[in-house]
Amino acid sequence: MVPLGKLLLQVPSRSVRSLIFRAMSANSGELLINSPKYAFLKELGLSETNLGVFDGEWRANGQTIQSICPSNGLAIAQVKQASPSDYEHAIQASEAAWTVWADLPAPKRGEIVRQIGDALRSKLLPLAQLVSLEMGKILPEGKGEVQEYIDICDYAVGLSRMISGALIPSERPGHVLMENWNPLGVIGVISAFNFPVAVYGWNSAIAMVCGNTVFWKGAETTPLISIATTKIVAGVLEKNNLPGAIATLCTGGADIGQALASDRRIKLLSFTGSCQVGRLVAVEVQKRFGKSLLELGGNNALIVAEDADLKMVIPAILFACIGTSGQRCTTTRRLIVHQAVYDEVLQKLKTAYAQVMGRIGDALGEHVLIGPVHSQNAVKQYKETLALIRQAGGTVELGGQVLKRPGYFVEPTIVTGIAHDHDLVHTECFAPILYVLKASSVEQAIGWNNEVPQGLSSSIFTQNISSIFKWIGPKGSDCGLVNVNIPTSGAEIGGAFGGEKHTGGGRESGSDSWKQYMRRSTITINHSKELPLAQGIRFE
């Protein structure tokens, strides 16, 4: 087995590290942060060189890297990463902060999270612009991502007054049987490049109201977003005279990820990334009998039944396939169409794709619908996958080209002629490539939906009530997200977000996901003068 630390240095589909960092030869005048066009960067408190560790104080003694803008391939600013000693200092500070934070009543913790939401509202636009600049998603998506963090803060405020235990009838006279929930301690969060704000928000807002401190390692290729977000949160903590290490940040590479996975002081590690790395993270955490929360690959399918409303289907597919340039964990990778409407759907979809091809461009552009992929490695993976598709006899119906322009731009691509059970179809390529498959029945389509290793999101478009209940029933979709007449992407915060099988089984955000951030105690209190023993044992 490849060691976790070594694998973290590789570049899987949802990379923990990406080889896009330039040699440190650029002088400060070449950094985008010095351009008036990107004045919002300094509004967020960023500078030419930024310290990447926060535990109440900003520090960093590791290597210095440059963050690259995927829309043009230019360096935005520099970030000094954590060293092993920085990590150790930060984890100790986070543990110490927990002793203060856990003593606050949950509604008081909720009030702090409410203020974090308000602070994010005041910085929504510049933070969204930074998401577009550093990650590469278009500005409306960047705004939507920051809004998700704001929304989960609102949700967590309500949750802080609703975390409840249970009073269970005891079979023994004079006894009370109770169930109580307490915080775990320090929660580790390793987030991915594709949702560099929202994933941290889903985890941190819930974990914080539950009484935990949060230790965050953002994606190595989006460090400025991590730093800017932490500055906003830190400002709220400072205003309330609370330890900054309640929300600790430690930017870095494989060494920091390895440390989090193996550190017994991290009571729960939430990891978002590829199945390949997630498997090794889970094993490393389990070695110490720790808890892990995994949100891994998707390889999601959308089924079009013969009675589907195609006026709804086509825009839904388009949104689910090209959103974030095919780099969402909920992106539609497989389109399974009933043979009766296959030709019509394929033609309409090609027409819809063709209409948006002219709106590929800079993620901050006003009329852009499709931004760049995140890195040069993503372009490489796109090209290699298309070469394998052609070797396997597949047909590229539309797209399939890397655009010759600065930055990392590829065409959204529609592929036919590959079998539903081919290795290519069963392997998630984190790029805008869609496999279109022809099925003879809804039952067959459900089987194809379920045959891949991953199990995150799924969708069916149908007007048939029988098909709907078959789809959501025990022999229907085996995914964590099971949709009807909506795309595979666009989950609401009120529901638990996560998937089954190789997606990892973790749940974030709403519903009862909060329970993953707490420990449950079953409590028995004897308030009588008798001592009844189990199994009726008596010592006489």
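Structure: above.
Enquirer: Sorry, what's going on with the sheet that holds strand β24 (residues 518-526) here?
Expert: Strands in a sheet are paired, the pairing made by backbone hydrogen bonds, and the direction either parallel or antiparallel. Spatial ordering of the open sheet is given by β6-β7-β24, a layout of 3 strands whose pairing is antiparallel. Two strands bound the open sheet, and with one partner strand each, they are β6 (166-168) and β24. Across the sheet, the mean angle separating the axes of adjacent strands is 25° when strand polarity is ignored. In terms of strand pairing, strand β7 (residues 175-183) meets β24 through 9 bridges, oriented antiparallel. Bridge pairing in β24 places N182 opposite R519.

Enquirer: So what exactly am I meant to see when it comes to the packing of helix α5 (residues 124-134) against helix α8 (residues 223-239) here?
Expert: Viewed as axis vectors pointing N to C, α5 and α8 meet at an angle of 165°, and their least axial separation amounts to 9 Å. Put simply, α5 runs roughly antiparallel to α8. Considering how the two elements wind past one another, α5 and α8 form a crossing that is left-handed. Here L127, L130, V131 and E134 of α5 come into contact with α8, specifically with P223, L224, I225, A228, T229 and I232. Class assignment of the residues belonging to the contact of α5 with α8 gives a composition of 8 nonpolar, 1 polar and 1 charged.

Enquirer: What should I look at first to understand a nonpolar patch on the surface in this one?
Expert: Together, L531, L533, I537 and F539 line one region of the surface with nonpolar side chains, adding up to about 460 Å² of accessible area. For L531, the location among the structural elements is in the segment after β24. On the basis of relative accessible area, L531 is assigned to the exposed category, the value being 67%.

Enquirer: I'm lost on the environment of S477 in this one. Help?
Expert: Of note, S477 is situated in the loop between α16 (465-472) and β20 (481-484). Residues S477 and S459, spaced 18 residues apart in sequence, show a C-alpha to C-alpha distance of 8.5 Å. Residue contacts for S477: discarding those within four places in its chain leaves I446, N449, N450, S458, W471 and V482. Polar side-chain contacts of S477 include one of 2.6 Å to the side chain of S458. Within the structure, S477 has its side chain in polar contact with the backbone nitrogen of C479 (distance 3.3 Å).

Enquirer: Sorry if this is basic, but what is going on with the packing of aromatic side chains here?
Expert: The description of an aromatic ring pair rests on the distance of the ring centres and on the angle between the ring planes. Under the counting rule described, the total for this entry stands at 8 aromatic pairs. Ring geometry for Y38 versus F40: centroids 6.2 Å apart, planes at 85°, classification edge-to-face. Relative to Y200, the ring of Y149 has its centre 6.0 Å away and its plane inclined at 85°; by these criteria the two rings are edge-to-face. Pair noted here: Y149 is in helix α6 (residues 139-159) and Y200 is in helix α7 (residues 198-209), with a separation of 51 residues, a long-range link. According to the relative accessible area criterion, Y149 is buried, its value standing at 1%. Among the aromatic residues, those joined into a ring-pair cluster are Y149, Y200 and W216. The residue whose ring lies beneath K231 is W58, and the NZ or CZ to ring-centre distance is 4.5 Å.

Enquirer: Can you walk me through the environment of G144 in this structure?
Expert: Following the sequence through the fold, G144 ends up in helix α6. Among the residues examined, G144 registers a relative accessible area of 31% and is labelled partly exposed. Each C-alpha atom of the pair G144 and Q355 lies 24 Å from the other, and the pair is 211 residues apart in sequence.

Enquirer: Is there a simple way to explain the side chain of D55 in this structure?
Expert: Note on placement: D55 falls in the loop between β2 (53-54) and β3 (58-59). Setting aside chain neighbours within four positions, we find D55 in contact with H89, A90, A93, G244, A245 and T248.

Enquirer: Would you mind showing me how to read the pattern of salt bridges here?
Expert: Two side chains of opposite charge can pair, provided their charged atoms sit close to one another. What the rule picks out here adds up to 19 salt bridges. In this structure, the salt-bridge partner of R328 is E141, at a minimum N-O distance of 3.1 Å. A residue pair is termed long-range when its members are at least 10 positions apart, and R328 in the loop between α11 (310-322) and β14 (332-338) and E141 in helix α6 qualify at 187 residues. Since its relative accessible area comes to 12%, R328 is described here as buried. Judged by its relative accessible area of 15%, E141 falls in the buried class. Across the salt bridge formed by K287 and E284, the nearest N and O atoms sit 3.5 Å from each other. Separated by 3 residues within a single helix, K287 and E284 lie in helix α10 (residues 275-287), roughly one turn from each other. The exposure class assigned to K287 is exposed, which follows from its relative accessible area of 59%. Connected through shared salt-bridge partners, E111, R114, D118, R121 and D154 make up one network.

Calculation criteria
- Residues numbered from 1 in each chain as written.
- Predicted model: local features only at pLDDT ≥ 70, side-chain atom pairs only at ≥ 80, totals over all residues.
- Heavy atoms only, no water.
- Pairing = 2+ DSSP bridges.
- Helix = DSSP H or I, 4+ residues; strand = E, 2+ residues; numbered from the N terminus.
- Axes fitted to C-alpha atoms, helices over the stretch in contact; angles between N-to-C directions.
- Parallel < 35°, antiparallel > 145°, perpendicular 65-115°, else oblique.
- Left-handed = near helix turned anticlockwise from the far one by under 90°.
- Contact = heavy atoms within 4.5 Å.
- Nonpolar A, V, L, I, M, F, W, Y, C, P; charged D, E, K, R; others polar.
- Patch = residues over 30% accessible without salt bridge, like charges linked within 9 Å, V, L, I, M, F, W, Y side chains within 5 Å.
- Areas by Shrake-Rupley, 256 points an atom, 1.4 Å probe, with all protein chains shown as cover.
- Salt bridge = Lys/Arg side-chain N within 4 Å of Asp/Glu carboxyl O.
- Buried < 20%, exposed > 50% of the residue type's maximum accessible area, 1.4 Å probe, protein only.
- Polar contact = N/O pair within 3.5 Å; in protein donor to acceptor, adjacent residues only side chain to side chain.
- Phe/Tyr/Trp six-rings, centres within 6.5 Å; stacked < 30°, edge-to-face > 60°.
- Lys NZ or Arg CZ within 6 Å of the ring centre and 35° of its normal.

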